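Structure at a glance
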Amino acid sequence: MRPEPASGKNLPEDVAEFRDVIEVLTASPPPPVDDLAPRVLSRIRRRRMQRRVVLTGLVACAVGFLAWPPWEGPDLTLGQKARVSAADDWQQPESPSPSSFALMPADPRSSSTALRDVGSLETSLAMAREWLIRHQHPDGGWESIEGRPSSYRVGATSLAMLALMVDSPDDAVAEALRRARDFLVSNRQADGLFGPAITGSAYNHALACLALARLEALLPSDRQGAEALHRGLSLLARGQHADGGWGYFREGAEPNTGVTVWVLEALLEAERAGITGFTKEIERGIAWLERAISTDGRAGYRRAGDFPNGPETLTAAVAACLLKSKRAPSPLVARMIERVRADATHFEVFDYYRCFFQSAALAAVPEGVGDWESLVATVQSLQETSGDDAGSWPPIDRWSRAGGRAYSTAMAVLALRSL
Amino acid sequence: MAQAPDEASREEWAWLSRAAHGDDEAFASLVRRYQGRLMNFFARLGDQGHAEDLVQETFMRLYRNRKRARPDARFTTYLHTLAHRVWVDHVRRSTRRADALARAGRDPLLVHPGGVPVPGGGRIDADRLLARLSPEHREAIVCVILEGLEYGEAAVVLGVPEGTVKSRVHYALRHLRQFIDGKEPVP
């Protein structure tokens, strides 16, 4: 149907005097358009498939709830039961996907605004998923910097894997994840270290362990992947300092908050996947983090009050980690959340890394909903929507120099899903 | 006042109803009938570069609302209301993006809708004319003059009183007349 400009018989009477202006306005031909129906229908069908997967997860949740109601086990939450269930059967993947948990009432993402915007958020995530799959290399990894050798391919690959795991995987995503797992397994040192032995190994290694641990709960276990993960986790445990923190993998390096948070994320994810044996390390690590927090709720880098790059990212990272661990005293976390809320709405320089942690912290507490929505909208707004980079996020922050577009895209996706 | 559904509109509502019962081809018919018109809508509002994405997003919203939509107005009014909301969200997103990019040291004009310089020489065309208008006046002109909506329908689409639409159209046209007559300097 062609447009029906008002220049003809249906021109409003009160503007007839402007007929000449209207003629200019309506003289330009409309822009050409391809048939969009196949593309729209394809999106609709993909969305239908995703809904089926989420509904299946919810049904599984409901069945689990009925089979094991909370009043029969007051010491366990539903999430803990899911973890116990996964621990009982190593081969059995944990049934509810992150996306199905997102619909649970305790999650602020189920607020009215989040539901109202869920369509465009899903579109963003679908586009990101397609970009990530399109840019996976034949060896299963992702480039941190396209066209240049980089020491952080393992880290970029692990982050891309985490981004692909924010929703239940379809066949294409599952295949990409299997290939990425093979890439990580084949990129190890003799002692089990993922990636090259460099100063920044701690990040590569902790991220690889985190990605493989999450994969354990999502796809059927793979013997080589499980073995690599266990060796990797043991290496992390051995690298813990006497005071409970973790630092760069080099002689004389002090523990720091950045590395400690990522190692704890990996150990907590392993615990969630039912891998036992690291409780003591987790608790000592949490205690180290708590000591790095000032009374005003800000987290330091090597100790409380130490802010070589500012306190915002560290505070958000520690808050998110403590909330995830469910082991921290609530007054302390409440003070940190106040800080995170203020930092999330007043920032000087955009930073995916900080946004990721802020999003995770804000999404975990009811009072953070409004700031979380605003933060997520900002991150979402940066997504490329046309050209070869459509679906990705531009590598514009200070860490993108090391991680490239795979890093910025993965961090943005994780920020959108608050994981 | 919104117009009652005419014959074409009744057919379109019927297609949407069939889509609500799983008939994808009926939905494809709606897409094919309105895709060109919506492309024009978004392009004239000021972002031809993203028009195709915005058209797709509008149809995705229509699909999500297929069971809730009530045929108590012309279908085109309903669809344009959705399209206008998609546009408002797009502008909001683009503003946030521009803000975030500016904070990251990038030039926000590169991504802001309407911020991309319009090519062309001295010839006056619709885009150059529309670029002279404020966003509110431009929306009113696009709805009433280019899309052919009644004032009442445009009021529903834009979420403002009918009288406001009338005055915006009138002042916008008067402003453009002054521009064409050379009473206002070319930028």
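Residues numbered from 1 in each chain as written. Chains lettered and ligands numbered in written order. Predicted model: local features only at pLDDT ≥ 70, side-chain atom pairs only at ≥ 80, totals over all residues. Heavy atoms only, no water.

1. Structural notes on the overall build of chain B
Counting its secondary structure elements, chain B contains eight helices and zero strands. Mapped from its N terminus to its C terminus, chain B presents α and β elements in the order α-α-α-α-α-α-α-α. Here chain B holds 187 residues, and 52% of them are scored as buried. Within chain B, residue pairs in contact and separated by at least 24 positions form 62% of the contacts whose partners lie at least 6 positions apart. (Helix = DSSP H or I, 4+ residues; strand = E, 2+ residues; numbered from the N terminus. Buried < 20%, exposed > 50% of the residue type's maximum accessible area, 1.4 Å probe, protein only. Contact = heavy atoms within 4.5 Å.)

2. Let's talk about the confidence of the model for chain A
Note: predicted coordinates in regions of low pLDDT should not be interpreted at a detailed level. For chain A, per-residue confidence averages 80 on the pLDDT scale, and 79% of positions sit at 70 or higher. Residue range residues 63-119 of chain A is modelled with pLDDT below 50. Its contacts to residues more than four positions away, or to other chains, number 75 contacts. (pLDDT = per-residue confidence, 0-100.)

3. What to know about the interface of chain B and chain A
A common way to state how big an interface is: give the accessible area lost once the parts meet. With 54 residues of chain B at the contact, the number on the chain A side is 57 residues. Together, the buried faces of chain B and chain A total about 5,100 Å²; carbon and sulfur atoms form 59% of this surface. Where chain B touches chain A, the interface holds four salt bridges. Notably, a salt bridge pairs Asp20(A) with Arg177(B), separated by 2.8 Å at the nearest N-O pair. In this structure, the connection of chain B to chain A is made through eight residue pairs in polar contact (both at pLDDT 80 or more). In terms of residue count, helix H2 (residues 24-45) of chain B provides more of the side of chain B that touches chain A than any other element does, 15 residues in total. (Buried area = accessible area lost by both parts, 1.4 Å probe. Salt bridge = Lys/Arg side-chain N within 4 Å of Asp/Glu carboxyl O. Polar contact = N/O pair within 3.5 Å; in protein donor to acceptor, adjacent residues only side chain to side chain.)

4. Re helix H13 (residues 312-325) of chain A
Residue and element names in this part refer to chain A. When the terminal C-alpha atoms of H13 are compared, their 20 Å separation across 14 residues agrees well with the 20 Å that a helix rising 1.5 Å per residue should span. Taking burial as the measure, the 14 residues of H13 include 11 buried ones, the bulk of the element. Of all the residues in H13, the buried ones are Thr-313, Leu-314, Thr-315, Ala-316, Ala-317, Val-318, Ala-319, Ala-320, Cys-321, Leu-322 and Ser-325. Immediately downstream of H13, the backbone of Lys-326 shows phi near 55°, a positive value. (Expected span 1.5 Å × (residues − 1).)

5. With respect to the confidence of the model for chain B
Residue and element names in this part refer to chain B. Averaged over chain B, the pLDDT score is 82; the fraction of residues at 70 or greater is 81%. Within chain B, the element-level pLDDT minimum falls on helix H5 (residues 126-130), averaging 82, and the maximum on H2, averaging 94. Scored as a whole, the predicted complex attains pTM 0.59, and scored at its interfaces, ipTM 0.81.

6. Description of the environment of Ala320(A)
Residues and elements named next belong to chain A. Mapped onto the elements, Ala-320 comes out in helix H13. Overall, Ala-320 belongs to the buried group, its relative accessible area being 5%. Sequence separation of Ala-320 and Ala-360 is 40 residues, and the distance between their C-alpha atoms is 5.7 Å. When residues no more than four places from it in sequence are discounted, the contact partners of Ala-320 are Phe-357, Ala-360 and Ala-361.

7. Things to note about the packing of helix H7 (residues 153-164) of chain A against helix H17 (residues 400-417) of chain A
Residue and element names in this part refer to chain A. Interaxial distance between H7 and H17 falls to 8 Å at its minimum, and their mutual angle equals 30°. One way to sum up the angle between H7 and H17 is to call them roughly parallel. When the axes of H7 and H17 are compared, the crossing they make is left-handed. Contact residues: H7 offers Ala-156, Leu-159, Ala-160, Leu-162 and Ala-163, while H17 offers Gly-403, Ala-406, Tyr-407, Ala-410, Met-411, Val-413 and Leu-414. Each residue belonging to the contact of H7 with H17 can be placed in one class, and the counts come to 11 nonpolar, one polar and no charged. (Axes fitted to C-alpha atoms, helices over the stretch in contact; angles between N-to-C directions. Parallel < 35°, antiparallel > 145°, perpendicular 65-115°, else oblique. Left-handed = near helix turned anticlockwise from the far one by under 90°. Nonpolar A, V, L, I, M, F, W, Y, C, P; charged D, E, K, R; others polar.)

8. Re the environment of Arg417(A)
Residues and elements named next belong to chain A. With respect to the secondary-structure elements, Arg-417 resides in helix H17. Since its relative accessible area comes to 7%, Arg-417 is described here as buried. For the pair formed by Arg-417 and Val-376, sequence separation is 41 residues and the distance between their alpha carbons is 8.7 Å.

9. Observations regarding the packing of helix H1 (residues 7-20) of chain B against H2(B)
Residue and element names in this part refer to chain B. At a minimum axis distance of 7 Å, the contact between H1 and H2 shows a crossing angle of 140°. Put simply, H1 runs oblique to H2. Between H1 and H2 the crossing geometry is left-handed. Contact residues: H1 offers Ala-8, Glu-11, Glu-12, Trp-15, Leu-16, Arg-18 and Ala-19, while H2 offers Ala-26, Phe-27, Ser-29, Leu-30, Arg-33 and Tyr-34. Split into classes, the residues belonging to the contact of H1 with H2 amount to eight nonpolar, one polar and four charged.

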